[in-house]
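# Examination of the molecular architecture
In case you want the letters, here they are:
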Amino acid sequence: MTLHRTTSPAIAFAVAALAVGIFSLMDAAMKDLSIALGAYNAVLWRNLTGSLIAGTMFVATGQGWPARANLRLHLWRSFVVAWMAISFFWAIARLPLAEAIGLSFIAPVIALYLAAILLGETIGREAILASVAGLGGVAIILIGKFSGHYSKDALWGAAAVLFSAILFAYNLILARQQAQAAGPIEIAFFQNLLTAAVLSLAAPWFLAPLVVAKVPMLVTAAALAIASLLLLSWAYARAEAQVLIPVEYTAFVWAALFGWLFFSEPVTMTTLVGTALIVSGSLVAARVKPSAVNHVEIASA
């Protein structure tokens, strides 16, 4: 059933911000798993675990089997997500969380303009100001960090983040299209299942046995990823991409906190100044006027 909804951008923005915070906590869990298991195994095992969790939700809520067009979209996004996730989690095993997130902030800026090209959205003045403020904050952070010396691993990590950021920009646009065509539970289930299927193609060469001691962390990471995906799917179904994309900048705040809390990664003054500018850009984005969005609701039993 298709419903025509007008939702306040502030509500959609708040839900997306919560999702970003949850996803950032998942990043911290995945950093631990990537260091212990390697990025490929961490992502594959997390998605297999996520498939079980989301699959249970899919069956329990009586979700109908998706149309062929939806399946194609789910599969295509899973290919993009698989490459994006492997490169990003490989990078955060070699870089502090805050630095990796800072580098990845080029993605929302690219996505703002991809939204105009692929979705026909108008780039508003608020969105442009938000992206400029966010990039300014990122520049301050990177200038402070990259003035020092780096290992070869760190440089490769930075390159991997930038590659992931390009894919992430496209992924944000796919998320918008997906959220308008399918319900959050359907998206969560098929994204986990199909991403695991795509990654399993490389299993004969890269798969390692599951480390039992890491099972609780895998379950935690999978549950956090699903919770974030459900919230983001809800938000992207009710607001334009240009309203929500700048909220990605708030991930830096969480990355700095979790990096310091779990990995003893220091937070510098340039990090704090840059973060303040990034957050200000996100707050500007929340002032964008609401627009009606068509959302496809899958009836549940």
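Structure first, text after, so check above.
The present account deals with the structure reproduced in this document. Here the structure is a predicted model, which means the values were calculated and not measured. Every chain's residues receive numbers from 1 upward, in the order its sequence appears when written. Given that this is a predicted model, residues contribute local features only at a pLDDT of at least 70 and side-chain atom pairs are listed and counted only at 80 or more, while totals for whole chains, interfaces and linings are drawn from all residues. Side-chain numbers here rest on the full set of heavy atoms in the structure, without hydrogens or water.

### A short note on the environment of E265
Note on placement: E265 falls in the loop between α12 (251–263) and α13 (269–285). Residue E265 is classed as buried on the basis of its relative accessible area of 11%. C-alpha of E265 to C-alpha of L95: the two residues are 170 residues apart in sequence and 9.8 Å apart in space. The residues touching E265, leaving out its near neighbours within four places in the chain, are K31, L95, P96, L97, A98, G259 and W260. Under the scheme used here, helices are H or I runs from DSSP no shorter than 4 residues and strands are E runs no shorter than 2 residues, and both carry numbers assigned from the N terminus. Residue exposure (1.4 Å probe, protein chains only): buried if accessible area is under 20% of the type maximum, exposed if over 50%, otherwise partly exposed. Two residues qualify as a contact provided that any one of their heavy atoms is within 4.5 Å of a heavy atom in the partner residue.

### Here we look at the packing of aromatic side chains
Each aromatic pair joins two rings of Phe, Tyr and Trp (for Trp, the six-membered one) with centres within 6.5 Å, and gets the label stacked for planes under 30 degrees apart, edge-to-face for over 60, and tilted for any other angle. Summed over all chains, the structure comprises nine aromatic pairs. Through successive ring pairs, a cluster of aromatic residues spans F58, W65, F189 and F190. The side chain of K31 reaches across the aromatic face of F263, ending 5.0 Å from its centre. Two conditions define a charge sitting above a ring: the NZ of Lys or the CZ of Arg must be within 6 Å of the ring centre, and it must be within 35 degrees of the ring normal.

### So, the side chain of R238
Looking at the element boundaries, R238 is found in the loop between α10 (215–236) and α11 (241–244). At 3.2 Å, the side chain of R238 and the backbone oxygen of W234 are in polar contact. Here a polar contact means two N or O atoms within 3.5 Å. Within protein one must be a hydrogen donor candidate and the other an acceptor candidate, and residues neighboring in sequence count only if both atoms are side-chain atoms.

### So, the environment of T61
Along the polypeptide, T61 turns up in the loop between α2 (39–60) and α3 (68–92). With 124 residues separating them in the primary sequence, T61 and I185 have C-alpha atoms 8.7 Å apart.

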